[in-house]
Amino acid sequence: MSNQIKFLTKNFGQYDTSSIGSYMNIGGFEALRKAVTMDPEKICDRITEVKVRGRGGAEYPLGRKWSQARAVVGENKVVVCNADEGETTTFKDRELIQKDPFNLIEALIIAGYVCGATDGYIYMRAEYACLRPLLLNAIRQAKNYGFLGENILGKGFNFNLHLYSGGGAYVCGEGTALIRSIEGKAGRPRMKPPFIKVSGLFARPTCLNNVESLSIVPHLLVDTDNVYASCGSGESIGTKMISVAGNVNHPGVFEIPFGTTVREIIYNLAGGIQHDRDIQLIQFGGASGKIADASILDTPYTYDDLRNAGVMVGSGGILVIDERTSVIDFLRMNQEFFSEESCGQCTPCREGNLHIKIILDKIANHTATQEDIRIMATIARVMSMSSLCGLGETAQNTLQSAMLTFPEVFEVGGTES
Amino acid sequence: MTTANKVKDIPMVHLTINNIPIEVPKGTKIMQAAQTLGIDIPHLCYHEDQRIKAHCRLCAVEVVGKRRLLAACSTEVWEGMEVHTDTQIVRDTQVSILQLMLANHNKDCLSCPRNQNCDLQRLCSRFNIQHSPLPSVLKDEPRIETNPSIVRDPSKCIRCGRCIRACKDVQGIAALTYAGRSSDIVVTTAFNKPMEATDCILCGQCSLVCPTGAIVEKDDTNKVLDALQDPQKHVIVQVAPSVRVALGDAFGMEPGAIVTGQMVTALKLLGFDKVFDTNFGADLTIMEEGAEFLDRLQNGGTLPMMTSCSPGWVNYMEKHFPNCIGHLSSAKSPMSMFGAIAKTYYPENAGIDVKDIVTVSVMPCTAKKFEAARPEMGRNGIPDVDVVLTTRELIKLIKYVGLSFKNLPESEFDNPLGLSTGAGAIFGATGGVMEAALRTVYEKVTGETLEKIEFSEVRGFDGIKEAAIKIKDREIRVCVAHTLQNARRIMEQVKKGTSPYDFIEIMACPGGCIGGGGQPIGTTNAIRKKRMAALYEIDRDLPLRKSHENPEIQTLYREFLGEPLSQRAHELLHTTYHKVAKPYEFN
């Protein structure tokens, strides 16, 4: 287990997650105490220094995001924690909430302090209802201890935290849909502008962050030994939470230093493939992620290396599919997901998912023509190029990467069927 | 270098579109910037009077340096932007999106009410969409034809959301909404109820903005054609004031063109026995409504009194503010007043059996079809108005008989029910009923001649207008509102008892009847304003401009009705309203 590191996960199992006192005994809220003595811009600089990128999948630099949020002129700013974690095979945020809820609370208060927000919202996916009591208890205790509410730590800083559960739609992980969902509207994305950093939740300037991105910050502020910076290299510094699922012996969540190879992740951390079967494909970053074959095994897990290998870090999920499942059947399963989860507003995504599903079924049934394959590729490209939101943009990542990696799968009979 | 008109104080932005340099004011969207170069970027969900939705994605364009295409409707230009509207990926996107729409569309264009007047059809033609390779994924969804006004055909809906925006943002009603998701997303009503059983007031603004045939007026043209073919029937037609300034749009004439003479000729050529004018009914309405207002004012009746000629508005009052219906004038609308006279006074004088008379009205309105079907609008089982056609249906009839409308000679309305004043003409615009009423009320009360008969405070396109007019020793405070979004603001005051007004005019549609839900497809606010100006032009050019000066109206009272508000006037020209319960209430 030499590849695992404990930076983000160092509190896991170290305290009673129902007790703020227990959290404080292991140094809880020290980061916040330190943060409120710092110039908020210095906190952004610290984050930028170690090149933290948003862990939700979009990979936007966190320090820059917070700095921009600070600069937005507006009353009653909001910070929102995206705990929708709807990507398939992705469950690292659940671990962070479940095993270290107070760190997330602390992170949100720091975010509020940095961005100049008065309110924080945690938008948690419907399926994590079992974590609600844990978080509500943590929020209540933080309030009782004066870490939330008025004049926090005597610094004249006011901040309140709210927990909101989603209704179960994948698309509500998309920023504008998430915001509409909290507002009580149907969770459908809207066009941008206005960008949510200017007009987001309840038309207030909003800074939206993934659970993992936020969770890094308290640890970083008290990281006097520069443990974080000592991990990884280049553009991928620090550690990363990943979740491995599929046909592996030990699926689960792992914290790795950037640079760990995919082989080490799958064969050391996740215990290898069940019954030592061969790998058919690996999907990185959930249902909207791209896929690779076993030739990716020796690639280091970093933003750049994965991108050069044709995939992406994305949500941090890694799905391993063994030889028993055909590429087409995997694509059909993945497509099924998007055919359900498209919000239906914009034409390419609403109708495109429907037709790609039909053509994938034809390929599976050996009735597809070359014309079908051509149409499918066109629709996938049009979807990714012109859809309204990130869902439609990325829904065909898997298919498009499959067409590059497994071209033989799409070699069908003549033009007539 | 092409330069758009410079607007003061707004900085200019320089960009290129298809390598052509252009300068536009900051804040301009790509779509409008392209328009200044004569480039029409295709679009379906975009509508110039609506909030931008960016749903259809047809307007996607390539911008150098951007990984993805950008929606031209929603993207503002920036300095140095390089836009391409004609690259391979842009064309692939446009063609694919149209093909995708068609695969989920009932393609019975030949028998569609919007055949040759459909944005989707036009774009498929423009992009030469032939033999779409995609299989049909259309679900079997029947047409919904449950009320006299509006027909919905979900099999033609492209989910653009224009109807939803019109209903919510213009009328503040939100009877139509999206439901479901992914390919199951539909435009529907609360609990999938028929429209008339929801908050809908049948104004038809949805049908006016629908780019396809998914929401249309109920077609009654065949009823008219059948009546015209029946030798036993004496078929008379009345035409609303706002039709004559809108009809020309459909025949290649300038928006706002006044086509009264050609319209009358066309109706005569269609075979109507008499062509009369709803403006006559409007003059009659002023006589009754004006008298009612004075009666309320002098005898402590319910104030403010509110006009009742817009049937969408009346439906709104009955559904949304049922406890306030006492404020509505009991006077029928001009259309129904005209119908009542056409079924009583007219046959008596003309020696025709009332059972042989068919009254047709041409209206800018879908809700008028519902009004005509109300049991209160008639007597002894004989309705005041037998068939209501919208402006759009009249266009179809004119096309059907093959008339070259533009080149028709002009002719005059028939008498006696064809003579009207300028006061009747302006009924078609927001503020017009109020102005017409004030002209008559002032002279009736004071006995003096009104010197300045234009009430400019109540003219124009503002949502809510108000004015105070001194009549003798009393100051009358009036208010004019159009669209139900604005009406709601007025009604909240009335409901609370805090309304500062004596007399309020409300019209349901933007701009009044000139912007009605039955007007030609393509009606926009810019066109509404031109029609409004045309109505005031008609008024200005008429010798008689006050309803009570209409000699035929005077004769009607002398020979038949007696006085305004007489027993007979009440029987024929006034009506009652009632609360309309909705099948669901959320209290």
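Here the structure is a predicted model, which means the values were calculated and not measured. (Residues numbered from 1 in each chain as written. Chains lettered and ligands numbered in written order. Predicted model: local features only at pLDDT ≥ 70, side-chain atom pairs only at ≥ 80, totals over all residues. Heavy atoms only, no water.)

J.: Before we go on, may I ask you to explain unusual backbone geometry in this structure?
T.: The phi torsion of most residues other than glycine is negative, and most of the peptide bonds are trans. The amide bond that connects Lys192(A) to the next residue, Pro193(A), takes the cis arrangement and shows omega of 0°. Its location among the elements puts Pro193(A) in the loop between α8 (175-182) and β5 (206-210). With an omega of 0°, the peptide bond between Pro193(A) and Pro194(A) qualifies as cis. Along the polypeptide, Pro194(A) turns up in the loop between α8 and β5. A positive phi angle, near 55°, is found at Thr89(A), a position not held by glycine. Tracing the backbone through its elements, the reader meets Thr89(A) in the loop between β1 (77-83) and α5 (92-99). Located in the positive-phi region is Phe191(B), a residue other than glycine, with phi close to 55°. One can find Phe191(B) in the loop between β9 (186-189) and α5 (205-209). Its relative accessible area of 56% is what places Phe191(B) among the exposed residues. (Helix = DSSP H or I, 4+ residues; strand = E, 2+ residues; numbered from the N terminus. Buried < 20%, exposed > 50% of the residue type's maximum accessible area, 1.4 Å probe, protein only.)

J.: Could you clarify how one ought to interpret the pattern of salt bridges in this entry?
T.: Any two side chains of opposite charge can pair, on the condition that their charged atoms come close. Residue and element names in this part refer to chain B. What the rule picks out here adds up to 64 salt bridges over all chains. The salt bridge involving Lys-156 is made with Asp-153; its shortest N-O contact spans 3.4 Å. Exposure class is identical for Lys-156 and Asp-153. Each is buried. Taken together, the shared-partner salt bridges in this structure form one network comprising Glu-435, Arg-439, Glu-454, Arg-459, Asp-539 and Arg-545. (Salt bridge = Lys/Arg side-chain N within 4 Å of Asp/Glu carboxyl O.)

J.: What is the right way to look at the domain arrangement of chain B in this model?
T.: How big an interface is tends to be expressed through the accessible area that disappears when the partners come together. Residues and elements named next belong to chain B. You can read the domains of chain B as domain 1 (2-96), domain 2 (142-217) and domain 3 (221-573). Carbon and sulfur atoms supply 55% of the area buried between domain 1 and domain 2, which totals about 770 Å² over both sides. When the buried area of domain 1 at its contact with domain 2 is split by residue, Leu-44, Gln-50 and Arg-51 rank highest and sum to 56% of it. Linking domain 1 to domain 2 there are 1 salt bridge. Across the pair Arg-51 and Asp-169 runs a salt bridge, and its minimum N-O distance is 3.3 Å. For the pair domain 1 and domain 2, the interface holds 5 residue pairs in polar contact (both at pLDDT 80 or more). Of the residues assigned to the side of domain 1 that touches domain 2, the class counts are 3 nonpolar, 3 polar and 2 charged. (Domains from an automatic or database assignment. Buried area = accessible area lost by both parts, 1.4 Å probe. Polar contact = N/O pair within 3.5 Å; in protein donor to acceptor, adjacent residues only side chain to side chain. Nonpolar A, V, L, I, M, F, W, Y, C, P; charged D, E, K, R; others polar.)

J.: How do you make sense of the nonpolar core when you look at a structure like this?
T.: Soluble globular proteins tend to pack their nonpolar side chains together in the buried interior. In this structure, Trp66(A), Ile109(A) and Phe410(A) are the most contacted members of the largest nonpolar core, which totals 127 residues. For this core, the leading source of residues is helix α6 (residues 101-115) of chain A, giving 11 residues. In this structure, Ile185(B), Met253(B), Met317(B) and Met335(B) belong to the second largest nonpolar core, which totals 83 residues. (Core = buried A, V, L, I, M, F, W, Y, C linked by side-chain atoms within 4.5 Å.)

J.: Looking at this structure, how should I read the packing of helix α14 (residues 347-364) of chain A against helix α2 (residues 88-103) of chain B?
T.: When two helices pack together, you describe them by how their axes are tilted relative to each other and by the distance separating the axes. Where α14(A) meets α2(B), the closest approach of the two axes is 10 Å, and the angle between their N-to-C directions is 65°. When the axes of α14(A) and α2(B) are compared, the pair comes out roughly perpendicular. Considering how the two elements wind past one another, α14(A) and α2(B) form a crossing that is left-handed. Contact with α14(A), carried on its side by Thr347(A), Pro348(A), Glu351(A), Gly352(A) and His355(A), involves Ile97(B), Leu100(B), Met101(B) and Ala103(B) of α2(B) and no other residues of that element. Each residue belonging to the contact of α14(A) with α2(B) can be placed in one class, and the counts come to 5 nonpolar, 3 polar and 1 charged. (Axes fitted to C-alpha atoms, helices over the stretch in contact; angles between N-to-C directions. Parallel < 35°, antiparallel > 145°, perpendicular 65-115°, else oblique. Left-handed = near helix turned anticlockwise from the far one by under 90°. Contact = heavy atoms within 4.5 Å.)

J.: Quick question: what am I supposed to make of the pairing of strand β4 (residues 157-165) of chain A here?
T.: Side chains on a regular strand alternate between the two faces of the sheet. All names here are of chain A. By the bridge criterion, 6 bridges tie strand β2 (residues 117-124) to β4 in an arrangement that is parallel. Counterpart to Gly-120 in the pairing with β4 is Leu-161. Bridge analysis of strand β3 (residues 149-152) against β4 gives 2 bridges, and the strand direction is antiparallel. The residue of β4 that forms the bridge with Gly-149 is Phe-159. Linking two consecutive strands that pair antiparallel, namely β3 and β4, is a turn of 4 residues; a positive phi of about 50° is found at Leu-153 within it. (Pairing = 2+ DSSP bridges.)

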